[in-house]
Amino acid sequence: MGRIAHRAKRHEAIPVVRFNGTDRYVATEDLSLAVNAAVTLQRPLLVKGEPGTGKTQLAQEVARSLERPLLEWHIKSTSKAQQGLYEYDAVSRLRDSQLGDERVHDIRNYIVKGKLWEAFEHEQPPVVLIDEIDKADIEFPNDLLRELDRMEFYVYETQQLVCARHRPIILITSNNEKELPDAFLRRCFFHYIRFPDEDTMRRIVEVHFPRLKPALLSEALTAFFRIRETPGLKKKPSTSELLDWIKLLVAEDVPPDILRGDDPKRTLPVLHGALLKNEQDVMLFEQLAFLHRRAR
């Protein structure tokens with residue numbers, strides 16, 4: 001089999017693209033700078049941060065903002081780097097040979113393209129999301145070093161060299177479940193998404209709920225950050241959980257004053273199931289309320 005003809009140009013001009021957030025994604029200045037720096041350097045952007053801070057959505061909004069195709073590769077604990085390139089389906093070929101199927105004479109019928117192969121073949125530079133890379137085996141990132149560096153890989157079954165038409169914009173997310181190899185980190189531009197402060201969170205909520213009553217927004221944010229700052233909390237509620245909570249508050253038409261937390265009879269925040277996700281944190285709030293009543 002011959003080699004695939006298109007090889008990525010090593011010194012092509014870097015296209016001028018600028019990401020500044022979208023109408024549905026509030027990007028801080030440092031996050032926008034990180035995205036644009038990674039594009040300029042032609043390096044993968046490694047994004048870390050608390051779960052629920054918008055790491056996955058960032059790739060979706062970058063693709064939307066720049067009008068690029070988006071390819072999403074969601075990593076599992078069983079994922080292998082090879083799956084991002086291609087897989088050879090030997091089982092199907094064996095079955096077809098037993099059935100006398102003519103397809104068995106061309107091995108290309110049993111090569112399943114992965115997300116990176118799809119990205120390499122796109123007519124325009126796509127955005128590739130490699131989501132939660134830290135879920136996979138520790139060798140997973142290192143197994144992709146050469147392919148991400150050189151934008152090419154070899155298909156041994158068909159003796160093809162697959163080269164990228166264009167260098168894709170690659171965003172990689174991690175929840176810090178395990179440390180990533182130094183060799184991999186050296187090849188990435190890194191950004192940590194800090195948890196939004198109250199002003200930034202207000203902007204985020206207003207994007208999702210543009211007609212939210214100011215009083216409800218103010219009380220909800222005060223209550224939310226009061227919960228996050230509670231000492232001993234096992235799992236702090238995230239941005240996505242705040243948005244879910246506000247959606248419920250609006251649906252149930254909860255008055256803003258109920259959120260103030262000064263009712264001695266109320267041990268838990270209203271609709272707390274959207275914010276507190278384990279029994280230890282629920283018990284913590286019940287104990288704090290009990291101590292508060294005793295102190296009065």
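In this text, all values refer to a predicted model and were calculated from it rather than measured experimentally.

Before going further, it helps to spend a moment on the pattern of salt bridges. With the rule as written, the count across this model stands at 16 salt bridges. Between aspartate 149 and arginine 187 there is a salt bridge, with the nearest N and O atoms lying 2.7 Å from each other. Within this pair, whereas aspartate 149 is found in helix α7 (residues 145-150), its partner arginine 187 is found in the loop between α8 (182-186) and β9 (189-193), the two being separated by 38 residues in sequence. Take aspartate 149: its relative accessible area is 32%, and that puts it in the partly exposed class. What makes arginine 187 partly exposed here is its relative accessible area of 26%. Through salt bridges with shared partners, one network takes in Asp23, Arg24, Glu61 and Arg64.

Membership of the largest hydrophobic core comes to 31 residues, with the highest contact counts inside it found for Met201, Val205, Phe224, Leu242, Trp245, Leu249 and Leu259. Of all the secondary structure elements, the ones that give two or more residues to this core are α9 (198-208), α10 (214-228), α11 (239-251) and α12 (279-295). With 8 residues, α10 is the largest single contributor of residues to this core. In this structure methionine 201 touches Phe195, Pro196, Leu221, Phe224, Phe225, Thr239 and Leu242, once residues within four positions along its chain are discounted. The next biggest cluster of nonpolar side chains, apart from the first, holds 30 residues, and it includes Trp73, Val128, Ala164 and Ile170.

This next bit is on the sheet that holds strand β5 (residues 127-131). Spatial strand order, β2-β5-β8-β1-β9: 5 strands in an open sheet with parallel pairing. In this open sheet, the two edge strands, each paired with only one partner strand, are β2 (70-74) and β9. Each strand axis lies, on average, 20° off the axis of its neighbour in the sheet, ignoring direction. Of the pairings in the sheet, the one linking β5 to strand β8 (residues 169-174) comprises 4 bridges and is parallel in character. Looking across to β8, one finds that valine 128 is bridged to isoleucine 170.

Attention now moves to the confidence of the model for the chain. In the predicted model, the chain carries a mean pLDDT of 89, and 90% of its residues have values of at least 70. Overall, residues 1-13 carries pLDDT values under 50, and its contacts beyond four positions in sequence, including any with other chains, amount to 23 contacts.

Here leucine 45 shows up in strand β1 (residues 45-49). For leucine 45, a relative accessible area of 2% gives the class buried. Placed 125 residues apart in sequence, leucine 45 and isoleucine 170 show a C-alpha to C-alpha distance of 6.2 Å. Setting aside chain neighbours within four positions, we find leucine 45 in contact with Ala34, Val35, Ala38, Leu58, Ile170, Leu171, Ile172, Phe189 and His191.

The backbone of glutamine 159 shows a phi angle near 55°, a positive value even though the residue is not glycine. Looking at where glutamine 159 falls in the secondary structure, it is placed in the loop between β6 (152-155) and β7 (160-163). Taking the relative accessible area as the measure of exposure, glutamine 159 reaches 48% and is therefore partly exposed. In this model, leucine 271 sits at a positive phi of 55°, which is unusual for a non-glycine residue. By the secondary structure assignment, leucine 271 is in the loop between α11 and α12.

Conventions and cut-offs
- Residues numbered from 1 in each chain as written.
- Predicted model: local features only at pLDDT ≥ 70, side-chain atom pairs only at ≥ 80, totals over all residues.
- Heavy atoms only, no water.
- Salt bridge = Lys/Arg side-chain N within 4 Å of Asp/Glu carboxyl O.
- Helix = DSSP H or I, 4+ residues; strand = E, 2+ residues; numbered from the N terminus.
- Buried < 20%, exposed > 50% of the residue type's maximum accessible area, 1.4 Å probe, protein only.
- Core = buried A, V, L, I, M, F, W, Y, C linked by side-chain atoms within 4.5 Å.
- Contact = heavy atoms within 4.5 Å.
- Pairing = 2+ DSSP bridges.
- Axes fitted to C-alpha atoms, helices over the stretch in contact; angles between N-to-C directions.
- pLDDT = per-residue confidence, 0-100.

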